[in-house]
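Summary of the model geometry
This is what each chain is made of:
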Amino acid sequence: MDNNKHALLSTYINSEHSHCGKTGLYLMLGFGTLFFVLGYVLGMGILPMMLDEMTKKQLMVSPDSACFSPKDGGMCPGSVKAKYFLWNITNANEYLQGSEPPHLEEVGP
């Protein structure tokens, strides 16, 4: 199998369609490896750290941030709102035994 790879590689390097020979092949392998390593380092290391820092800066609430602006009344523009709903299972024993579906009663807002 090693001979087949060598034969294929030497056919490419020595063919009349190849304009670059061994130098071009080594350049392609070198640049390919370089771009692969750069992409990996940026994608797995630097970019996530940059996104985390940008998110932290946007979520930081301090006296000099936009959330404490007197013109907005101290409200963050586009502030996050959450609603919570609480439910009580009124037939817990029957549901746990598998004999009935749960009967839910809303006890929250």
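Heads up: the structure comes first, above all this text.
All of the points below concern the structure found in this document. (Residues numbered from 1 in each chain as written. Predicted model: local features only at pLDDT ≥ 70, side-chain atom pairs only at ≥ 80, totals over all residues. Heavy atoms only, no water.)

Details of the overall build of the chain
So the rule is basically this: Note on conventions: DSSP H or I runs of at least 4 residues are helices, E runs of at least 2 residues are strands, and numbering of each starts at the N terminus. Burial here depends on accessible area, computed with a 1.4 Å probe over protein chains only, as a share of the maximum for the residue type. Under 20% is buried, over 50% is exposed, and the range in between is partly exposed. Any two residues whose heavy atoms approach within 4.5 Å are treated as being in contact. The accessible surface values rely on the Shrake-Rupley method and a 1.4 Å probe; as for residues, cover is taken only from the protein chains in view.
From N to C terminus, the chain includes three helices and two strands. Counting helices and strands in the order they occur from the N terminus, the chain gives α-α-β-α-β. Within the span of the chain, comprising 109 residues, buried residues form 8% of the whole. Of the contacts formed within the chain by residues at least 6 apart in sequence, a portion of 4% connects residues at least 24 apart. With the model as given, the accessible surface of the chain reaches about 10000 Å², and the carbon-plus-sulfur share is 65%.

Considering the packing of aromatic side chains
Using the following cut-off: Think of it this way: a Phe, Tyr or Trp ring, Trp meaning its six-membered ring, pairs with another when their centres are within 6.5 Å, and the plane angle makes it stacked under 30 degrees, edge-to-face over 60, tilted otherwise.
Summed over the entire model, instances satisfying the criterion amount to one aromatic pair. An angle of 25° between the planes, with centres 6.2 Å apart, marks the rings of phenylalanine 31 and phenylalanine 35 as stacked. Taken together, the positions of phenylalanine 31 and phenylalanine 35, both in helix H2 (residues 21-59) and four residues apart, correspond to about one turn of that helix. Judged by relative accessible area, phenylalanine 31 falls into the partly exposed class, the value being 47%.

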